[in-house]
Number of protein chains: 2
Amino acid sequence: MEANKTYLIVGLGLLGGKYAQVLSQKGCRVNGITHSQATLDYALTHDYIREGAIRDFEPLVQQADRIIFGLYPTVLLDWVRQYGHLIRPGTLVTDVSGVKRGVVEPVQQMLPEGVEFIASHPMAGRETSGITHSAEVDFAPANFIITPTDRNTEQGIAWCRELAETLGFARISILSPAEHDHMIGYVSQLCHAIAVSLMCASDNTDLAKYTGDSFRDLTRIARINDKMWAELFLWNKDNLISEIDMFSNALQAVRTKLVEDDRAGLEEMFRLSTERRKAFDQK
Amino acid sequence: MEANKTYLIVGLGLLGGKYAQVLSQKGCRVNGITHSQATLDYALTHDYIREGAIRDFEPLVQQADRIIFGLYPTVLLDWVRQYGHLIRPGTLVTDVSGVKRGVVEPVQQMLPEGVEFIASHPMAGRETSGITHSAEVDFAPANFIITPTDRNTEQGIAWCRELAETLGFARISILSPAEHDHMIGYVSQLCHAIAVSLMCASDNTDLAKYTGDSFRDLTRIARINDKMWAELFLWNKDNLISEIDMFSNALQAVRTKLVEDDRAGLEEMFRLSTERRKAFDQK
């Protein structure tokens, strides 16, 4: 795709690094900006990028035709506030943020006239972080969500979709930022809140030797990047609190049925759960 | 093992069927009792058993040197109450029940003099059930827990351990029935209560197309055998309620930190969670 365009990845973490790796493999010209010399060295020696910088990166920004922000939401907002004016008109920009309200519109407002930011979320995160784990990321089974606003053009959205296709995502969807954040509160953030709570509930590490697949699967995501997930949770706190409350009500319903020896009620919940879960296997 | 002994599997479900399959493959003489003609036919045509019956099974019981109960706890208690007197003195007996208090001592009391019941729990359940899925069960990575009481002999316990080795379990442990039920309330039952609650919290099947590995892993066990799990939950309700309460407190702590915008507090929970989860990967 677009072999004549210069890509710039700002933030060479797990996902930014993977974008750089794949786009370079596909023959694109990819440059990178990061705050860490070790990350920069890794990206250069692994041919993830052609050029890169940890400071004095203005020329790289000004050369870019396409920019991908691989930054946490707060860092993204700070970066655009500080350096957004360097981006040339005509540049298409996207990101990888796991929350969209609170990010998309401010970034769009701060960018210079003629720079189009088409927000997107590659749902391919892992419990690891950093560019040294980028090679393990697998886009093939993952969802890619584009969250346009009325400031976006058809051409900009088409470019973002083409990017996702080039990266190899299984499914590309379009949602509003609000729809995205509602969805992500349930399918991702609530799951992480549950896994973390299960590990924090009591120190049961002495029981580790008895655990089976169920427990391991449920808590795999309890290994969590603390700074990034605190950001994601807080940027979406209204949705997440609402999901926690709905989940807690259901768990309390299980508890009540236990207290009341309500076998039929438990069986009914189990059948509902089984039926709904089947829908998730079919998709 | 014990090629000269006659095994009887009472209850040819997922686990009973698997025991029959493996023991027959190892050259043991294995017979079976079930309540379903279709199950019996399956077991016979797949060479899981040599002889079997759905009624008039007294001769099979009287011939048995080793009996394995592949029954739900309530059905196990009923069966022993009704037919336990048919078992010959000298017979060694075990089970597969996922709860132990409330099962082990009553069964030991009801069995005839000279019949030894060494309770055990093969932690190799799956979200499927029935003998047609037995071949998918994998004992190789699984735990096998023996829960002896002071009525058991060293020889009986040694036989049960040898059985687990023959079946190919990765790890064999000895716990008291109370220790077992405490452990299983956390590593298995709480996980199932959480997965079921997540599916029952709201009808989010329209979000299925956006789910990734985290959600799928967390809810795999939400496909649940309703009758068996209602039994397991109710037989262990004191432990499970206590685990639900500890978990709920941790989840409410996450919620409070969200309400209070307590970024440092969230990060602290995430670091604790990450650290504890590592212990579970090392075991």
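Located above this text is the structure these notes cover.
Criteria and thresholds
- Residues numbered from 1 in each chain as written.
- Chains lettered and ligands numbered in written order.
- Predicted model: local features only at pLDDT ≥ 70, side-chain atom pairs only at ≥ 80, totals over all residues.
- Heavy atoms only, no water.
- Helix = DSSP H or I, 4+ residues; strand = E, 2+ residues; numbered from the N terminus.
- Buried < 20%, exposed > 50% of the residue type's maximum accessible area, 1.4 Å probe, protein only.
- Contact = heavy atoms within 4.5 Å.
- Areas by Shrake-Rupley, 256 points an atom, 1.4 Å probe, with all protein chains shown as cover.
- Lys, Arg positive; Asp, Glu negative; His and termini not counted.
- Charge placed at Lys NZ, Arg CZ, Asp CG, Glu CD.
- Pairing = 2+ DSSP bridges.
- Buried area = accessible area lost by both parts, 1.4 Å probe.
- Salt bridge = Lys/Arg side-chain N within 4 Å of Asp/Glu carboxyl O.
- Least-squares fit on C-alpha atoms with pLDDT ≥ 70 in both.
- Core = buried A, V, L, I, M, F, W, Y, C linked by side-chain atoms within 4.5 Å.
- Axes fitted to C-alpha atoms, helices over the stretch in contact; angles between N-to-C directions.
- Phe/Tyr/Trp six-rings, centres within 6.5 Å; stacked < 30°, edge-to-face > 60°.
- Parallel < 35°, antiparallel > 145°, perpendicular 65-115°, else oblique.
- Left-handed = near helix turned anticlockwise from the far one by under 90°.
- Nonpolar A, V, L, I, M, F, W, Y, C, P; charged D, E, K, R; others polar.
- Polar contact = N/O pair within 3.5 Å; in protein donor to acceptor, adjacent residues only side chain to side chain.
- Right-handed = clockwise from strand over helix to strand, strands pointing away.

Caption draft 1: Main features of the overall build of chain A. Within chain A, the regular secondary structure consists of eleven helices and nine strands. Oriented by its inertia axes, the alpha-carbon framework of chain A measures out at about 70 × 45 × 35 Å. In chain A, buried positions account for 60% of the 283 residues. Of the contacts made within chain A by residues no fewer than 6 positions apart, 70% connect residues no fewer than 24 positions apart. In the form shown here, chain A has an accessible surface area of approximately 11,100 Å², with 47% of it arising from carbon and sulfur atoms. Of the charged side chains in chain A, 29 are positive and 37 negative, and the gap between their average positions amounts to 3 Å.

Caption draft 2: Fine view of the pairing of strand 7 (residues 120-123) of chain A. Residue and element names in this part refer to chain A. Burial along strand 7 is two-sided: the residues Ser120 and Pro122 and His121 and Met123 are all buried. Taken together, the four bridges between strand 7 and strand 8 (residues 143-146) define a ladder with antiparallel strand orientation. The residue of strand 8 that forms the bridge with Pro122 is Phe144.

Caption draft 3: Representation of helix 9 (residues 226-235) of chain B in the model. Counted residue by residue, helix 9 of chain B has seven buried out of ten residues, so it is predominantly covered. Taken together, the buried positions of helix 9 of chain B are B:Asp226, B:Trp229, B:Ala230, B:Glu231, B:Leu232, B:Phe233 and B:Leu234.

Caption draft 4: Quick peek at the interface of chain B and chain A. Counting from both sides, the interface comprises 82 residues of chain B and, opposite them, 82 residues of chain A. Carbon and sulfur atoms supply 66% of the area that chain B and chain A bury against each other, a total of about 8,700 Å² over both sides. At the surface where chain B touches chain A, the tally comes to 14 salt bridges. The salt bridge partner of B:Arg271 is A:Asp226, with a shortest N-O separation of 2.8 Å.

Caption draft 5: Main features of the relation of the copies chain B and chain A. It takes a turn of 180° to lay chain B on chain A, together with a shift of 0.0 Å along the axis; the resulting RMSD is 0.0 Å. One copy is carried onto the other by what is essentially a two-fold rotation axis. Closest to the rotation axis within chain B is the C-alpha of B:Leu218, separated from it by 2.2 Å. Most of the interface of chain B is mirrored in chain A: 100% of its interface residues are interface residues there too.

Caption draft 6: Spotlight on the nonpolar core. Counting residues in hydrophobic clusters, the biggest one holds 134 residues, and the most contacted among them are A:Phe69, A:Trp79, A:Phe247, B:Phe69 and B:Trp79. Once residues lying within four places of it in the same chain are set aside, the contact partners of B:Trp79 are B:Val10, B:Ile33, B:Phe57, B:Val61, B:Phe69, B:Leu71, B:Gly84 and B:Ile87.

Caption draft 7: Representation of the sheet that holds strand 9 (residues 171-174) of chain B within the structure. Residues and elements named next belong to chain B. The strand order 7-8-9 describes an open sheet built from three strands, whose pairing is mixed. The sheet is open, and its two edges are formed by strand 7 (120-123) and strand 9, each paired on a single side. Pairs of neighbouring strands in the sheet enclose a mean axial angle of 15°, with direction left out of account. Against the sheet, helix 7 (residues 177-200) engages strand 7 and strand 8 (143-146), with an angle of about 20° to strand 7.

Caption draft 8: Quick look at the sheet that holds strand 3 (residues 51-53) of chain A. Residues and elements named next belong to chain A. An order of 3-2-1-4-5-6 is seen for the six strands of this open sheet, with the pairing classed as parallel. A single partner strand is all that each edge strand has here, and the edge strands are strand 3 and strand 6 (116-117). Where strand 1 (residues 6-10) meets strand 4 (residues 66-69), four bridges bridge the pair, whose relative direction is parallel. Following the sheet pairing, Ile9 is matched in strand 4 by Ile68. Packing against the sheet, helix 1 (residues 14-25) makes contact with strand 1, strand 2 (29-33) and strand 4, and its axis sits at approximately 160° to strand 1.

Caption draft 9: Structural context of the packing of aromatic side chains. Scanning all chains against the criterion turns up 23 aromatic pairs over all chains. Ring geometry for A:Trp79 and A:Tyr83: centres 5.2 Å apart, planes at 50°, overall tilted. With a gap of four residues between them, A:Trp79 and A:Tyr83 both fall in helix 4 (residues 73-83), about one helical turn apart. The exposure class assigned to A:Trp79 is buried, which follows from its relative accessible area of 9%. A relative accessible area of 22% means that A:Tyr83 is categorised as partly exposed. Seen from their ring centres, A:Tyr186 and B:Phe215 are 5.4 Å apart, and the 50° between their planes marks the pair as tilted. One end of the pair, A:Tyr186, is in helix 7 (residues 177-200); the other, B:Phe215, is in helix 8 (residues 213-219), on a second chain. Of the two residues examined, A:Tyr186 and B:Phe215, each falls in the buried class.

Caption draft 10: Region of interest: the packing of helix 7 of chain B against helix 10 (residues 237-259) of chain B. Residues and elements named next belong to chain B. Here helix 7 crosses helix 10 at 60°, and the two axes come no closer than 9 Å. Comparing their axes, helix 10 and helix 7 come out oblique. When you trace helix 7 past helix 10, the crossing you get is right-handed. Judged by residue contacts, Asp181, His182, Gly185, Tyr186, Gln189, Leu190, Ala193 and Ile194 of helix 7 engage Asn239, Leu240, Glu243, Ile244 and Phe247 from helix 10. Residues that form the contact of helix 7 with helix 10 fall into these classes: seven nonpolar, four polar and two charged.

Caption draft 11: Expanded view of the environment of B:Ile87. All names here are of chain B. Turning to its location among the elements, Ile87 is positioned in the loop between helix 4 (73-83) and strand 5 (92-95). Ile87 sits 108 residues away from Ala195 along the chain, and the two C-alpha atoms are 40 Å apart. Excluding its chain neighbours within four sequence positions, the residues that come into contact with Ile87 are Val61, Ile67, Phe69, Trp79, Leu111, Pro112 and Val115.

Caption draft 12: Focus on the pattern of salt bridges. Scanning the model with the defined rule gives 28 salt bridges over all chains in all. The shortest N-O distance in the salt bridge between A:Lys227 and B:Glu267 comes to 3.1 Å. On the criterion of chain membership, the pair formed by A:Lys227 in helix 9 (residues 226-235) and B:Glu267 in helix 11 (residues 263-282) is interchain, its members lying in two chains. Given the relative accessible area of 44%, A:Lys227 is considered partly exposed.

Caption draft 13: Highlighting the side chain of B:Asp65. Residues and elements named next belong to chain B. Looking at the secondary structure, you find Asp65 in the loop between helix 3 (58-63) and strand 4 (66-69). A distance of 2.8 Å separates a polar atom in the side chain of Asp65 from the backbone nitrogen of Thr6. Sequence-distant contacts of Asp65, that is, excluding residues within four places in its chain, are made with Asn4, Lys5, Thr6, Arg88, Gly90, Thr91 and Leu92.

Caption draft 14: Expanded view of the pairing of strand 4 of chain B. Residues and elements named next belong to chain B. What you see with strand 4 is no split at all: Arg66 and Ile68 on one side and Ile67 and Phe69 on the other are buried throughout. One ladder, built from four bridges, connects strand 4 with strand 5; its direction is parallel. Each residue of the ladder has a partner; that of Arg66, found in strand 5, is Leu92. Once the chain exits strand 4 it traverses helix 4 before rejoining the sheet at strand 5, and the crossover so formed is right-handed.

By themselves, these figures tell us nothing about what the structure is for.
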